[in-house]
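# Close look at the chain arrangement
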Amino acid sequence: MSVSSLSPSPTEGLSSARFEQHLSQRSYLPAWWLEAKAAAWNQFNTLPSPARTDETWRFSNLNTLDLEGFELPEDASQHIPNLSAFPHAAEIIFSNRQLVARSAVPSDLLAKGVIFAPLDEALRSHGDLVREYFQKLPANLGSEKFVALNTAFTGSGAFLFVPKGVEIAEPFVVQHTLSGANKATFPHTIVILGDNAKATLVEFFVSADNGRHLASGVNDLHAGPGSQLVYVGAQNWSRDTLAFQTNSIVVERDAKVLSLNVHLGGRQARHESHSRLLGPGAHSEMLAVTVANGAQEFDQRTLQTHVSPNTTSNLLYKNALLDTAKTIFSGLIVVEPDAQKTDAYQKNRNLMLSDDAEANSLPGLEIQANDVKCSHGSTSSRIEPEQEFYLQSRGIKPQAAKQMLVFAFFEEVLNKLENEDLHTALRTLIESKFKK
Amino acid sequence: MSSLEIRDLHVALADSPEKPIVKGLTLTIKTGEVHAIMGPNGTGKSTLSKAIAGHPDYVITSGDVLIDGKSILEMEPDERARAGLFLAFQYPSEIPGVSIANFLRAAVQARMAEGEELDASGYYKRLYSKMDLLKIDRKFTSRSVNEGFSGGEKKRCEILQMAMLEPSFSLMDETDSGLDIDALKIVAEGVNAMRGEKLGVLLITHYQRLLDYIVPDFVHVMYDGRIVKSGDKNLALELEAKGYDWVKTELAAV
């Protein structure tokens, strides 16, 4: 047993001593990485906590962002998740920040130069590549302090590199699991697609028990010219988790990125996603589905930045709200002066299943070019009584009928996934929330 | 043999219960029988069928509806359906995002005992054979319920549901409306194929045309919320020849 289990250790919690220990455990990693971590730790300590006057935190609950008592787990715990049941190219599994299982990348993909590895491993084998893309264009939508905390402590997460012209139909999968009380994790995943490459990466974020957990995850998703990237991030943290997830999506000329975030768990879960359309013909499809129940709060902040002409983006975030749950959607489309012929859409749809739930929507446009098509909108609706009656008139029980209509509401989003197996896996995951 | 008994039924809109629409209607339908209710627009025909199915927009102010002597008025719409009732809607709902296959599977599953597993291959076999009968393309199973369907497709989809759920009593509300003659023939063939000792049908229609293809055992004329005249299939022909004014004049004379 470790000494810390006998007496309070100065390295407990997310303290400077614990950070120094974390750093010293990684002395074998490149110097630039350790320096970036040290700088991030300073930044975390310097940056103020979100305040009521911050526009980027409007409507958010700020009294519940307490990081006190959380600690970095060092043991993989008893919990070793299974490999995913649906067909996949390769998989990496972390439990309490430790690499606990992985399936090998098929040899034909390795021969083509595909890299799919835990971040720490990639830092050693392909340090320069990681360095080039790591937080190259950070999201900066309000959670900079928690992103800095991620950089300081990250050690889990995956690195996927698909070289020019390589197309892979089956998804790469990463699982992050937490268990035990007051445990924290800081996954960082980087995806780089070369010219005309095609790949899918799916990340699952799950609590194995009902413990108090903290998660701050960050992604750098980079789609090179003509490439096609599908990213799915599905979280089902415990009901006592404070969760942050920040996606940075960079889309080059003629590339297409589809990102889908599924939000189920957490006490308070904030998701930030920033798409940058850097080259003509670039397209970003930004999707999310959220099931908010109990007293959960889901906080979603998005930015679609059109930098180049002839770029398109389409955001569709759908929330189903039950009980006294709360959602916040704040989205902005920015069209820069050069980005003529931009075609940008942003829709937030809320399905209100309770009179006591609260959906906040703050859509925004900032257009600096004169020849563009942009629209945004948000709606709140209830279940259509005529549809409910129709289902019930066929003998379907009220609860099942309601659930079918909630899924029907999500289907417009889930249908955009071409991979049927993945679609089914996500449906099953969402269904599990209704069965609790 | 089962029976659906409508006893002195009074129905109003839930929003205005003081204004009755159905005003004391009595009718018994036994399995094996096909009844037709004809009548001018606005006489309460559709209200009758929706109220029996339990539509929340309507309130039954007095009277009773019984299946095999047991009142169904305290039952929720889904319980009534599982008790053997089926409503073929005049205007079926469009439900984007729910495929026909999933919808029907849920409806079939709702009729099974707790924990009993649906035999998926048997289910699809049965579904496809009913679809073939109704000349519905098998690709429709993956389409959303009624979404973007033509009038004829919607009505055929109603009959498909009826065929899959095998109700004891089917209330068919203006099933002929919006159908061209070819679609009408297909729908009628579908209903005729289901006729038999296990099914009682109440056809609600404005026109006699449907009754050329689904020949009823009994015809009732509904006017101002009640049945004012009953007879056999010849009554429908008489009505077609003389028009609804004939009934009004006859009533006025009484």
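Quantities reported herein were computed from a predicted structural model and do not represent experimental measurements.

Helix and strand counts for chain A come out as nine helices and 20 strands. By the compact-globule yardstick of 22 Å for 436 residues, chain A fits well, its C-alpha radius of gyration being 21 Å. With respect to the three principal axes, the spread of C-alpha positions in chain A is 65 × 50 × 50 Å. Looking at chain A residue by residue over its 436 residues, the buried ones come to 58%. Relative to all contacts within chain A whose residues are 6 or more apart in sequence, the contacts with residues 24 or more apart total 83%. With 38 positive and 48 negative side-chain charges, chain A shows a separation of 2 Å between the mean positions of the two kinds.

Tallying secondary structure elements over chain B gives nine helices and 12 strands in all. For 254 residues, the compact-globule formula gives about 18 Å, and the C-alpha radius of gyration of chain B, at 18 Å, lands near that figure. Here the C-alpha coordinates of chain B stretch approximately 60 × 40 × 35 Å along the principal axes. Of the roughly 11,300 Å² that chain B leaves accessible, carbon and sulfur atoms contribute 48%. Positive and negative side-chain charges in chain B, numbering 30 and 38 respectively, have mean positions lying 3 Å apart.

All names here are of chain A. Each assigned domain of chain A is listed with its residue range as follows: domain 1 (3-278) and domain 2 (383-436). The centre of domain 1, based on its C-alpha atoms, is set 30 Å off from the matching centre of domain 2. Listed as interface residues are 16 residues of domain 1 and, on the opposing side, 14 residues of domain 2. Of the roughly 1,200 Å² buried between domain 1 and domain 2, counting both surfaces, carbon and sulfur atoms make up 78%. For the domain 1 face of the interface with domain 2, the top three residues by lost area are Phe86, Leu260 and Leu264, together amounting to 39%. At the junction of domain 1 and domain 2, the tally comes to zero salt bridges. Summed over the shared surface of domain 1 and domain 2, the result is one residue pair in polar contact (both at pLDDT 80 or more). Elements represented by at least two residues in the side of domain 1 that touches domain 2 include exactly β8 (198-207), β10 (228-236) and β12 (256-263). Considering every element that reaches the side of domain 1 that touches domain 2, the biggest residue donor is β10, with four residues.

All names here are of chain B. Direction vectors running N to C along helix α3 (residues 100-110) and helix α5 (residues 151-165) enclose 35°, while the axes themselves pass 10 Å from each other. Taken as a pair, α3 and α5 cross one another with a handedness that is right-handed. Contact residues: Ile100, Phe103, Leu104, Ala107 and Val108 in α3; Cys157, Leu160, Gln161, Met164 and Leu165 in α5. Its residues placed into classes, the contact of α3 with α5 shows nine nonpolar, one polar and no charged.

What follows covers the side chain of Ser354 of chain A. Residue and element names in this part refer to chain A. Its place among the elements puts Ser354 in the loop between β18 (343-352) and β19 (358-367). From its side chain, Ser354 meets the backbone nitrogen of Asp356 in a polar contact 2.9 Å long. Excluding residues within four positions of it along the chain, Ser354 makes contact with Leu321, Leu322 and Asp323.

Residues and elements named next belong to chain B. If you trace the four strands from one edge of the open sheet to the other, you get β2-β1-β4-β5, paired in antiparallel fashion. Each end of this open sheet is capped by a strand with a single partner; those strands are β2 (16-30) and β5 (70-71). With two bridges joining them, strand β4 (residues 58-67) and β5 adopt antiparallel strand pairing. Within β5, the residue paired with Ile67 across the bridge is Lys70.

On the chain B side, the residues contacting the 16 residues of chain A number 31 residues. Note on chain A versus chain B: buried area summed over both sides is about 1,900 Å², and carbon and sulfur give 64% of it. Summed over the shared surface of chain A and chain B, the result is 12 residue pairs in polar contact (both at pLDDT 80 or more). Residue assignment for the side of chain A that touches chain B shows that the elements contributing at least two residues are α7 (385-392) and α8 (398-414) of chain A. Counting residues per element, the side of chain A that touches chain B draws most heavily on α7 of chain A, which supplies six residues. Residue classes in the side of chain A that touches chain B are distributed as eight nonpolar, four polar and four charged.

Moving on to the nonpolar core. Formed by 113 residues in total, the largest nonpolar core has its most connected members in Leu260, Phe410 and Ile430 of chain A together with Ile52, Phe103, Leu160 and Leu203 of chain B. It is α8 of chain A that provides the largest number of residues to this core, a total of 10 residues. If we ignore the near neighbours within four places in the chain, the residues touching Phe410 of chain A are Val289, Thr290, Val291, Lys318, Ala320 and Ile430 of chain A. Listed in part, the 42 residues of the second largest apolar core include Ala90, Ile92, Phe94 and Val257 of chain A.

Turning to the environment of Leu417 of chain A, a few remarks are in order. Residues and elements named next belong to chain A. Within the secondary structure layout, Leu417 lies in the loop between α8 and α9 (420-435). Given the relative accessible area of 6%, Leu417 is considered buried. Note: C-alpha distance between Leu417 and Gln78 (339 residues apart in sequence) is 34 Å. Setting aside its immediate chain neighbours within four residues, Leu417 contacts Val230, Val232, Leu258, Leu260, Leu422, His423 and Leu426.

For Asp323 of chain A, which is not glycine, the phi torsion reads 50° and is therefore positive. Considering the arrangement of structural elements, one finds Asp323 of chain A in the loop between β16 (312-321) and β17 (326-335).

A separate point is the sheet that holds β12 of chain A. Residues and elements named next belong to chain A. Pairing within the open sheet is mixed, and its 10 strands lie in the order β2-β1-β5-β8-β10-β12-β14-β16-β18-β20. Looking at which strands have only one partner, the edges of the open sheet turn out to be β2 (98-103) and β20 (373-381). Going from strand to strand, the sheet's axes swing by 10° on average, the running direction of each strand aside. Both β8 and β10 contribute to a ladder of nine bridges, which runs parallel. Following the sheet pairing, Val206 is matched in β10 by Asn236. Against the sheet, α9 touches β8, β10, β12 and β14 (283-292), its axis set at about 20° to β10.

Thresholds applied
- Residues numbered from 1 in each chain as written.
- Chains lettered and ligands numbered in written order.
- Predicted model: local features only at pLDDT ≥ 70, side-chain atom pairs only at ≥ 80, totals over all residues.
- Heavy atoms only, no water.
- Helix = DSSP H or I, 4+ residues; strand = E, 2+ residues; numbered from the N terminus.
- Rg over C-alpha atoms; globule rule 2.2 N^0.38 Å.
- Buried < 20%, exposed > 50% of the residue type's maximum accessible area, 1.4 Å probe, protein only.
- Contact = heavy atoms within 4.5 Å.
- Lys, Arg positive; Asp, Glu negative; His and termini not counted.
- Charge placed at Lys NZ, Arg CZ, Asp CG, Glu CD.
- Areas by Shrake-Rupley, 256 points an atom, 1.4 Å probe, with all protein chains shown as cover.
- Domains from an automatic or database assignment.
- Buried area = accessible area lost by both parts, 1.4 Å probe.
- Salt bridge = Lys/Arg side-chain N within 4 Å of Asp/Glu carboxyl O.
- Polar contact = N/O pair within 3.5 Å; in protein donor to acceptor, adjacent residues only side chain to side chain.
- Axes fitted to C-alpha atoms, helices over the stretch in contact; angles between N-to-C directions.
- Left-handed = near helix turned anticlockwise from the far one by under 90°.
- Nonpolar A, V, L, I, M, F, W, Y, C, P; charged D, E, K, R; others polar.
- Pairing = 2+ DSSP bridges.
- Core = buried A, V, L, I, M, F, W, Y, C linked by side-chain atoms within 4.5 Å.

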